[in-house]
Amino acid sequence: MSADLQEAETRSGAGAGRSCSRHLSFLFLTVCLSTGISLYAVEWFLSYQRQTIEQSDRLAPGMVLYDPRLGWRLKPNWFGSHKHYDFDVEYRVNQFGLRGRLPAQPGARRYAVIGDSFAFGQGVNDDRTFVHLLDEAGTAAEFLNFSVPGYSTDQQYLMIRDRVSLFKPDVLVLVVYLGNDLFDNARPFPLQGDHAKPYFRLNPDGSLELLNTPVPSETKPAAVRTDNLTNLVLGESQPPPTNLQRWLGGFEITRRLGLFQPDFRGDEAGFQARFGYNLALFRALVERISGSARELRAELTLALLPGRSFVENPGSLSAGYQDFLRRSILSDLSTMAGIETIDLATALRDAHESGKNGLYYPHEGHLTPQGHLLVAGLLAERLLR
């Protein structure tokens, strides 16, 4: 082969190498650009979906009235719709300010159900709440729904004294929501509401002192709006997020996937230290409610109801502290005579793990009609036996 031919082949090979290199670089940039555009599109869609869900909550005005004793109460004879990304339902409040039918069974065994939005039946129509289903199931029993969205144990105790007692119930059914009831008991504003509320302080001698009453009509101040369950559960023990966690964790994609989030953990000793006062205050309130039941010659039953995370995500921090509260309450109340306790938390988790899905709304978080049906069946086994 001549020198000229060899040189030509060398130049040709070098040119081909440069061309291949440029081709690979172009391909790499194209893949990066396409991936970036795809991620941006997915991030935009997920963020738009989240914003749509958060802004979808529409409750017809006027369902609650200011109350100087209780903070707020249901408006008698109110009717309205509640629309959310997860549901479209209607609520009706009767002339006594209760959700559901009027007392109508003379001589029937009367159950008064006292709770918050879960027992009220937020997210389902009137005929799908577990209280209504129980009322239909008990041929010789009558269930009245005294539950009010946002109420905690302190307000429920005051309602028992002021209103429930007028209906002379045979059984008080106190529905305890493990998600936030025990926290709200010690607060002048609930974690998830704007209205002020009464609350009790537990003194060293064991006495209860009613505070924030008459309840001011002001809405929650800005300084209190920053409170959240994570801060209350972990307090100063939570590690501050790194700059990488703060930046990457702010994207909707990584938030949905649970990536780059601070590693929040709780332990038994930490929970005991943080929740000791809340548990002691709760016990004192239950003792007061038990005393009211004795005055009414009524039985007292507590039903422990969990949030969605306890049922669907047992390894989460929320499930951990709810389980701690559940076990502590069951242990504590076992020493108190005359109180029956129904552990709905374990039963709901077992049902979910056995394949019964869709018990909670995926975005809004309250019980679905299927969830209410299951709770009604669980309560009927214990209350209507």
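Everything discussed here concerns the structure shown above.
First, a word on what this report is: a plain description of the structure on this page. In this text the structure is predicted, and so the values were computed from the model without any measurement.

Rules of the game
- Residues numbered from 1 in each chain as written.
- Predicted model: local features only at pLDDT ≥ 70, side-chain atom pairs only at ≥ 80, totals over all residues.
- Heavy atoms only, no water.
- 1 Å grid on protein atoms, 1.4 Å probe; cavity = no way out; pocket = protein on both sides within 12 Å on 5 of 7 lines; lining within 4 Å.
- Points joined across faces, edges and corners; volume = space filled by probe spheres on them.
- Helix = DSSP H or I, 4+ residues; strand = E, 2+ residues; numbered from the N terminus.
- Nonpolar A, V, L, I, M, F, W, Y, C, P; charged D, E, K, R; others polar.
- Buried < 20%, exposed > 50% of the residue type's maximum accessible area, 1.4 Å probe, protein only.
- Pairing = 2+ DSSP bridges.
- Expected span 1.5 Å × (residues − 1).
- Contact = heavy atoms within 4.5 Å.
- Salt bridge = Lys/Arg side-chain N within 4 Å of Asp/Glu carboxyl O.
- Axes fitted to C-alpha atoms, helices over the stretch in contact; angles between N-to-C directions.
- Parallel < 35°, antiparallel > 145°, perpendicular 65-115°, else oblique.
- Left-handed = near helix turned anticlockwise from the far one by under 90°.
- Phe/Tyr/Trp six-rings, centres within 6.5 Å; stacked < 30°, edge-to-face > 60°.
- Arc of directions from axis to C-beta.
- Polar contact = N/O pair within 3.5 Å; in protein donor to acceptor, adjacent residues only side chain to side chain.

Description of the layout of surface pockets
Picture a little ball the size of a water molecule; that probe, rolled over the atoms, points out where space is still empty. Counted as a void, the second largest pocket has a volume near 190 Å³. Considering the residues around the second largest pocket, the lining is formed by 17 residues, among which G100, R101, H132, D135 and F143 are closest to the centre. Breaking the lining of the second largest pocket down by element, the ones donating at least two residues are α3 (130-137) and β7 (141-145). Per-class residue counts for the lining of the second largest pocket are seven nonpolar, five polar and five charged.

Here's the deal with the pairing of strand β4 (residues 79-84)
Only one face of β4 is buried: it carries G80, H82 and H84, and the other face, with F79, S81 and K83, is open. Judged from the two bridges that link them, strand β1 (residues 58-59) and β4 form a sheet pairing that is antiparallel. From the neighbouring strand, R58 faces β4, where its bridge partner is K83. Across six bridges, the pairing between β4 and strand β5 (residues 87-92) is antiparallel. Along β5, the bridge assignment pairs F79 with R92. The turn linking β4 back onto β5 is made up of two residues.

Considering helix α12 (residues 317-333)
Its 17 residues give α12 an end-to-end C-alpha distance of 24 Å, which sits within 8% of 24 Å, the value for a rise of 1.5 Å per residue. Three or more residues of α12 are buried, namely L317, A319, Y321, Q322, D323, F324, L325, R326, S328, I329 and L333.

Digging into the side chain of H372
Checked against the element boundaries, H372 lands in helix α14 (residues 369-383). With near-sequence residues (within four places) excluded, H372 lies in contact with F118, G121, V124, R128, T129, F130, L133 and L367.

Considerations on the pattern of salt bridges
Under the defined criterion, the tally for this structure stands at 17 salt bridges. The partner of D135 in a salt bridge is R101, with the nearest N and O atoms 2.7 Å apart. Of this pair, D135 sits in helix α3 while R101 sits in the loop between β5 and β6 (109-114), and the two are 34 residues apart along the sequence. A relative accessible area of 46% means that R101 is categorised as partly exposed.

Overview of the sheet that holds strand β12 (residues 339-343)
A sheet is described by the order of its strands in space; here five strands give the open sequence β7-β6-β8-β11-β12, paired in parallel fashion. Taken across any chain shown, the strands that pair with only one partner, and hence form the sheet edges, are β7 and β12. Between one strand axis and the next, the sheet turns through 20 degrees on average, direction left out of account. Strand direction decides the pairing type here: strand β8 (residues 171-177) and strand β11 (residues 299-305), joined by seven bridges, are parallel. Pairing of L172 across the sheet is with L300, part of β11.

Regarding the packing of helix α13 (residues 344-353) against α14
Relative orientation of the contacting elements α13 and α14 amounts to 130 degrees, with a least axis distance of 11 Å. With respect to α14, the axis of α13 lies oblique. Considering the relative orientation of α13 and α14, their crossing is right-handed. Every residue of α14 that contacts α13 at L344, A347, L348 and A351 is listed here: L374, V375, L378 and L379. Residues of the contact of α13 with α14, tallied by class, amount to eight nonpolar, no polar and no charged.

Things to note about the packing of aromatic side chains
Each aromatic ring pair is described using two quantities: the centre-to-centre distance and the angle formed by the ring planes. With the rule as written, the count across this model stands at 14 aromatic pairs. With a centroid separation of 5.6 Å and an interplanar angle of 70 degrees, the aromatic rings of F183 and Y321 are classed as edge-to-face. Of this pair, F183 sits in helix α5 (residues 181-184) while Y321 is found in helix α12, placing the two residues 138 residues apart along the sequence. The buried category is assigned to Y321, whose relative accessible area is 2%. Plain terms: the ring middles of F271 and F324 are 5.7 Å apart, the flat faces sit at 45 degrees to each other, and that makes the pair tilted. Taken together, the residues F271 in helix α10 (residues 268-296) and F324 in helix α12 connect sequence positions 53 residues apart.

Some remarks on empty space enclosed by the protein
This model, assessed by the stated rule, comprises one cavity of 30 Å³ or more. In this structure, the largest cavity occupies an estimated 30 Å³ of space. Elements that contribute at least two residues to the lining of the largest cavity include exactly α10 and α12. Looking at the lining of the largest cavity residue by residue, the class counts come to four nonpolar, no polar and two charged.

Observations regarding α13
Among the residues making up α13, those that are buried are L344, A345, L348, R349 and A351. Down the axis of α13, the smallest arc covering the buried residues is 160 degrees, so these residues share one side. The elements touched by buried residues of α13 are β11, α11 (308-312), α12, β12 and α14. Its side-chain oxygen at 3.3 Å from the backbone nitrogen of A345, D343 defines the N-terminal cap of α13. Phi turns positive one or two residues past the end of α13, at G355, with a value near 115 degrees.

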